Amino acid sequence: MKKNLMSILILALLVVNIVLTAIMMFSVTGAMKSTTALVGRIAAVLDLELNLGDDETEVAIADSVTYDIADTMTIPLKRAVNEEGVEEDQRYAMVAVSILMDKTNKDYKEYAETMDANASVIKGEIIDVISSYTLDEFRNDTDGVREAILARLRKVYNSDFIYKVVFSDWKIG
């Protein structure tokens, strides 16, 4: 009788164990699915943010056309203020700018023909952007300067057929 009672007790504990394991599996599986989805969404957002930093469009070299600004431009930089509050001497940037255009873009044919006619507008935008930087800002963030020029030119043309701005030569002093 003691052996039967012991077997029944073990069987009851085994059934309780199976029931509690099943309850735990269903509750953990649901939480695990939502956690996996959350991690997936976070990873997707982080990937998007990392790609946002690379605003350069992939354009094949065969589909690229370069427009060189004819003259090297000498542009006065914004005067920096030192620790004592005194403006530093006037500094200048000498830049030769090239604009890369995507000839497969729908707006290329319309605007590419007018690049020479709009050279003064393009130069004006470049001068406005570069002259808003101090010597140290320009030296330390030339990529940011190029991106700012690109954004301004895209705004002027209201198109993204211009995909990159390059300084083919630059000197500051």
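Above this note sits the structure.
All values derive from a computational prediction rather than experimental measurement.

**Regarding the nonpolar core**
If you look at the biggest cluster of nonpolar residues, it comprises 30 residues, and the most contacted ones within it are Ile99, Ile122, Ile126, Ile130, Phe138 and Ile149. Listed by contribution, the elements that provide at least two residues to this core are β2 (73–76), β3 (92–102), α2 (108–112), α3 (119–130), α4 (135–140), α5 (142–157) and β4 (162–172). When sequence neighbours within four positions are dropped, the list of residues in contact with Ile126 reads Ile69, Met73, Ile75, Val97 and Ile149.

**Here we look at a nonpolar patch on the surface**
Residues Leu11, Leu14, Val15, Val16, Ile18, Val19, Leu20 and Ile23 make up a contiguous nonpolar surface patch of roughly 740 Å² in combined accessible area. Along the chain, Leu11 turns up in helix α1 (residues 2–52). Classification of Leu11 as exposed rests on a relative accessible area of 51%.

**A few points about α3**
Taking 1.5 Å of rise per residue, 12 residues should cover 16 Å, and α3 covers 16 Å from first to last C-alpha, within 8% of that figure. Taken together, the buried positions of α3 are occupied by Ala119, Ile122, Glu125, Ile126, Val129 and Ile130. The arc enclosing the buried residues of α3, seen along the axis, measures out at 130°, which places them on a common side. On its buried face, α3 sits against β1 (64–68), β2, β3, α4, α5 and β4.

**Points about the packing of aromatic side chains**
For the coordinates displayed, the defined rule picks out 5 aromatic pairs. A ring pair is formed by Tyr111 and Tyr157, whose centres lie 5.2 Å apart and whose planes are at 65°; its orientation type is edge-to-face. Here Tyr111 is found in helix α2, whereas its partner Tyr157 is found in helix α5, with 46 residues between them in sequence. On the accessibility criterion, Tyr157 (5% relative accessible area) is buried. Note on Tyr111 and Phe161: the rings are 5.5 Å apart at their centroids and 20° apart in plane angle, and the pair reads as stacked. Pair noted here: Tyr111 is in helix α2 and Phe161 is in the loop between α5 and β4, with a separation of 50 residues, a long-range link. Note on Phe161: relative accessible area 0%, which makes it buried. Connected via pairs of aromatic rings, a cluster forms that spans Tyr111, Tyr157 and Phe161.

**Description of the pattern of salt bridges**
According to the stated counting rule, one finds 8 salt bridges in the structure shown. Between Glu87 and Arg79 there is a salt bridge, with its nearest N and O atoms 3.8 Å apart. In this structure, Asp143 and Arg146 form a salt bridge, with 2.2 Å as the shortest nitrogen-oxygen distance. Highlighted residues: Asp143 and Arg146, both in helix α5, separated by 3 residues, approximately one helical turn. Arg146 gets classed as partly exposed once you look at its relative accessible area, which sits at 21%. Overlapping salt bridges bring together Glu125, Asp128 and Arg152 as one network.

Here is what the cut-offs are and how they apply
Residues numbered from 1 in each chain as written. Predicted model: local features only at pLDDT ≥ 70, side-chain atom pairs only at ≥ 80, totals over all residues. Heavy atoms only, no water. Core = buried A, V, L, I, M, F, W, Y, C linked by side-chain atoms within 4.5 Å. Buried < 20%, exposed > 50% of the residue type's maximum accessible area, 1.4 Å probe, protein only. Helix = DSSP H or I, 4+ residues; strand = E, 2+ residues; numbered from the N terminus. Contact = heavy atoms within 4.5 Å. Patch = residues over 30% accessible without salt bridge, like charges linked within 9 Å, V, L, I, M, F, W, Y side chains within 5 Å. Areas by Shrake-Rupley, 256 points an atom, 1.4 Å probe, with all protein chains shown as cover. Salt bridge = Lys/Arg side-chain N within 4 Å of Asp/Glu carboxyl O. Expected span 1.5 Å × (residues − 1). Arc of directions from axis to C-beta. Phe/Tyr/Trp six-rings, centres within 6.5 Å; stacked < 30°, edge-to-face > 60°.

That is the geometry; function is a separate question.
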